[in-house]
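Now for the letters of each chain:
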Protein chains: 2
Amino acid sequence: MPNTAYADLEARFRRIALLGETASVLHWDTAAIMPSGAAGARAEQLAEMMAVIHGLKTAPEVGELLGEASADAGALDDWQRANLGEIERQWTKATAVPEDLVVALSRACSACETAWRTARPDADYGAVRPLLQEVLDRTREAGQAKAEATGLGLYDALLDDYEPGGRIAEIDKIFDQLARFLPAFLEEALAAQAARPAPVPPEGPFDVAAQKALGETFMSALGFDFNHGRLDVSLHPFCGGTPDDVRITTRYDEADFTSSLMGVLHETGHALYERGLPERWRRQPVGEALGMSVHESQSLLIEMQVCRSRPFIGWAAPVMRDAFAGEGPAWEEENLYRLHTRVRPDFIRVDADEVTYPAHVILRTRLEKALLAEDMSLDDLPAAWNDGMKELLGIVPPSDREGCLQDVHWYDGAWGYFPTYTLGAMTAAQLFAAAKAADPEIEPGIAAGDFQPLMAWLRAHVHGKGRLNSARDLLTEATGQPLDPKVFETHLRDRYLH
Amino acid sequence: MPNTAYADLEARFRRIALLGETASVLHWDTAAIMPSGAAGARAEQLAEMMAVIHGLKTAPEVGELLGEASADAGALDDWQRANLGEIERQWTKATAVPEDLVVALSRACSACETAWRTARPDADYGAVRPLLQEVLDRTREAGQAKAEATGLGLYDALLDDYEPGGRIAEIDKIFDQLARFLPAFLEEALAAQAARPAPVPPEGPFDVAAQKALGETFMSALGFDFNHGRLDVSLHPFCGGTPDDVRITTRYDEADFTSSLMGVLHETGHALYERGLPERWRRQPVGEALGMSVHESQSLLIEMQVCRSRPFIGWAAPVMRDAFAGEGPAWEEENLYRLHTRVRPDFIRVDADEVTYPAHVILRTRLEKALLAEDMSLDDLPAAWNDGMKELLGIVPPSDREGCLQDVHWYDGAWGYFPTYTLGAMTAAQLFAAAKAADPEIEPGIAAGDFQPLMAWLRAHVHGKGRLNSARDLLTEATGQPLDPKVFETHLRDRYLH
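For the structure given in this document, a descriptive report is provided here. (Residues numbered from 1 in each chain as written. Chains lettered and ligands numbered in written order. Predicted model: local features only at pLDDT ≥ 70, side-chain atom pairs only at ≥ 80, totals over all residues.)

Some remarks on helix H14 (residues 357–372) of chain B
All names here are of chain B.
And step 1. With 16 residues, H14 extends 23 Å between its outermost C-alpha atoms, agreeing within 8% with the 22 Å of an ideal straight helix rising 1.5 Å per residue.
And step 2. Residues of H14 that are buried: Pro 358, Ala 359, His 360, Val 361, Ile 362, Leu 363, Arg 364, Thr 365, Glu 368, Leu 371 and Leu 372.
And step 3. The inward-facing, buried residues of H14 contact helix H6 (125–150), helix H7 (154–162), helix H8 (168–194), helix H15 (381–393) and helix H16 (419–438).
And step 4. Of the residues trailing H14, Glu 374 is marked for its positive phi of about 60 degrees. (Helix = DSSP H or I, 4+ residues; strand = E, 2+ residues; numbered from the N terminus. Expected span 1.5 Å × (residues − 1). Buried ≥ 20, exposed ≤ 12 C-beta atoms within 10 Å, placed from the backbone. Contact = placed C-beta atoms within 7 Å.)

Here's the deal with the sheet that holds strand S2 (residues 239–242) of chain A
Residue and element names in this part refer to chain A.
And step 1. The three strands lie next to each other as S1-S3-S2, forming an open sheet whose pairing is mixed. Each edge of the open sheet carries a strand with a single partner, namely strand S1 (229–233) and S2. Mean inter-strand twist for the sheet, computed between neighbouring axes without regard to direction, equals 20 degrees.
And step 2. Bridge count for S2 against strand S3 (residues 245–250) is four bridges, and the pairing is antiparallel. (Pairing = 2+ DSSP bridges. Axes fitted to C-alpha atoms, helices over the stretch in contact; angles between N-to-C directions.)

So, the interface of chain A and chain B
And step 1. Tallying the contact residues gives 28 residues for chain A and 28 residues for chain B.
And step 2. Contributing elements (two or more residues each) for the side of chain A that touches chain B: helix H1 (4–32), helix H2 (39–57) and S1 of chain A.
And step 3. Looking at the side of chain A that touches chain B element by element, the count peaks at eight residues for H1 of chain A.
And step 4. In terms of residue class, the side of chain A that touches chain B is made up of eleven nonpolar, eight polar and nine charged. (Nonpolar A, V, L, I, M, F, W, Y, C, P; charged D, E, K, R; others polar.)

What about H7 of chain B?
And step 1. Most of H7 of chain B sits out of view: seven of its nine residues are buried.
And step 2. Within the span of H7 of chain B, buried status applies to Leu 154, Tyr 155, Asp 156, Ala 157, Leu 158, Leu 159 and Asp 160 of chain B.

Things to note about the packing of helix H1 (residues 4–32) of chain B against helix H2 (residues 39–57) of chain B
Residues and elements named next belong to chain B.
And step 1. With their axes 10 Å apart at the nearest point, H1 and H2 run at an angle of 165 degrees to one another. Between H1 and H2, the angle falls in the class roughly antiparallel. Crossing angle aside, the handedness with which H1 passes H2 is left-handed. Of the residues in H2, those in contact with Arg 12, Arg 15, Ile 16, Leu 19, Gly 20, Thr 22, Ala 23, Leu 26 and Thr 30 of H1 are Arg 42, Gln 45, Leu 46, Met 49, Val 52, Ile 53, Leu 56 and Lys 57.
And step 2. Looking at the contact of H1 with H2, its residues break down into nine nonpolar, four polar and four charged. (Parallel < 35°, antiparallel > 145°, perpendicular 65-115°, else oblique. Left-handed = near helix turned anticlockwise from the far one by under 90°.)

Focus: the sheet that holds strand S1 (residues 229–233) of chain B
Residues and elements named next belong to chain B.
And step 1. Pairing is mixed in the open sheet, where three strands are placed in the order S1-S3-S2. The sheet is open, and its two edges are formed by S1 and strand S2 (239–242), each paired on a single side. Averaged over all pairs of adjacent strands, the angle between their axes in this sheet comes to 20 degrees, without regard to strand direction.
And step 2. Pairing of S1 with strand S3 (residues 245–250), which is carried by five bridges, proceeds in the parallel orientation.

Observations concerning the relation of the copies chain A and chain B
And step 1. Superposing chain A onto chain B takes a rotation of 180 degrees plus a shift of 0.0 Å along the axis, which leaves an RMSD of 0.0 Å. This pairing of chains is accounted for by a two-fold axis.
And step 2. A high fraction, 100%, of the interface residues of chain A reappear at the interface in chain B, so the copies pair face to face through one surface. (Least-squares fit on C-alpha atoms with pLDDT ≥ 70 in both.)

Listed below in structure tokens is the structure:
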């Protein structure tokens, strides 16, 4: 006999997913093209969408259906069982938070994100601080409600939204190991770099239209399908939209094409993951991306592992040169490789090299833990940020624009998100090493601009798996072991010391 | 004692309006920028939004609240009473249509509109006909349900969605009067035109960026606020978005800047109406645009009454010339005026002059009445279209691309909409005549590129009124009489014979 309660849940969560897709398109629109005067109305539209989605998730029948469906779980296959588990997880967290708090949080995030857009260029933390307090207070309130419902700690309850099953105690251990390895390694890498000729940046200005065309060329080569996606401009680059309509954004700098180009390649990695999610499970929880560490592993696998590698630069150097009619030694392969693997402690996370990047993440993770635990007040954030930068990277931002205002995350309500970036970097190293070992065609393919072997492996081992397994199990199946920081360390040694 | 049932209805319809705004942004996105491969997913998203909105409108409590609120209507002011009436009207029609039909209709429209996008350039009516049949069948089904609930005929029940209170019997009378006037007048106008030198079209190509900049210049002059709106490109020009984020579209022809420019000015008229709706009643039914005849009156008042007038062309001619660095007699004011008021029977409605435009509308109204009444089958539509063009304008489209495939309306589910275009043209003439009579500053303002006096009058007498009164009452209050085709006839005589 079919499990009708399960079928009913699938139908309900399909509706929820469709409304989520709509909200996602609205979010993209807000960030990419909405005229500024519409911010207030948009905040209300998004809050209403959140209320409707929350209402559907927490309808009294859902709890009953979950009970019935679980009682007859033997009638379900693996995917269905995993889907049921995800539905229950989402339901548990949603029912923990009252609708008025969902709406208040959505409004607070919209208001704060809007204010951040001007506070950041103005380096005016004070202008956005009260709105950030409201976001933090509502986030903490929602997090505590989820913590009570799940038995998790406050930070874990928030982290779990981005990294299902993620636990900060484990992450702290991994980050501690990294924090022991990195400072000495950074010294070594800088010394090795100083022994080589310094890279010469190609001279601009680089026409924005030409930069866009170059980005599109690489996107297409990697397999991005413009029938199912777009490339646009936004203040903070991101990958949004839906699996059938993946929209990535970038920002252009006429003086430096590399920053935008690498950003585009990074977001393309996210986009290929979304687009490669299992079509059969579209609009079911089990068909969604597994979590942000795996998501970030896909963007960093493309940007850091592939597109800053020698084989890639060998293929890409003449393409870049032709895009800007470049001439001279700055456009030679060896110089471009050195440029794309240059290590330099700096202020901006999204522009950071992969050696210094973890320091940015460790700083943010420490700070958000302290803020959520009320061990620190938002008044102290700018100074604590600058102290942390001094301690971790030996530099102090000239203003909050390059300091605690640089990232949209906290201002937009993403608390418990930052650690996934560095988990993603390590996951990327581990997946790419396993992929290359499994298929000897992958690296020669990259050197020839053919990314199909790599994409086939990623689709089979990551993209097409959705949420069938936990991140730990996915990584163990794909690479033979759970996350091991040593693989990342080996990658760094290979690239920066040899 | 406050009318709490009424307050509850306001809160519910505010939610409905917010979801409607979201659906409106999705519709804009679909038409303007969505990648084509996302059409299927978008259709499902829109259908789900329609289902949610329908569910909120038809919730059992709404009927009860309407009863309570109406019983205590004495406690309400004029705007609140009008709002309550509109809520009841929307509720009556929504409850008549079951949710599965709402969803089926939304899906049918999305599928048909998508197919139309390629059928039109391919002139392949056969490719889209089965999908159009589905739209027509579901539209008729929904219309019959609304007809039963309201006591209206089928056509009126559909018309009422676009033109609240509109009745086809009255429209037929007005159109009959026009149909008696126009053929002879067209002969006269063409004869008068033949007696004057033929206008010389400025020679292109006209750079698309320059066309866009010129459109934006005129939009800004008219009062379009780019903090609350956008100008983009779509296959079929339209005005979408929301009152706080009004998005108009156009399409560019490098050989002819006039077509796009006049389209932009037309949509700007729509946009200024939306933007000028009463802020106090935002997201309540009474705060919406009154209906499509008044909406179209605002676009045609700007495009036809103002922007093709001598005072406007006098101001605009040098602006146009400078935009394209034009030289020679084609750019002289007198030539541009003759060009913008040229009468010429042609195939495409949106490019038609105001003398031949009503024939396009009369044809479509006749055909959709026959199709809805099942007096004609969709198989016979292309031939009936061509016969009608021959009868009304003496010309036969070379293919269905210039014939029954040219407009998106039927393919997108807008049945009972077409008559409002010509009602709008007549309303525009009547409003503009009254405005000029009321404020002698309006015409000199236009001649100097100052549209504030005109806009102030429109805001006071049209935009700011929302749905407080019926279209008939609004027109009577603003102009001293209900719609009178003679005012339109007088306008045509003044412009084309003298």
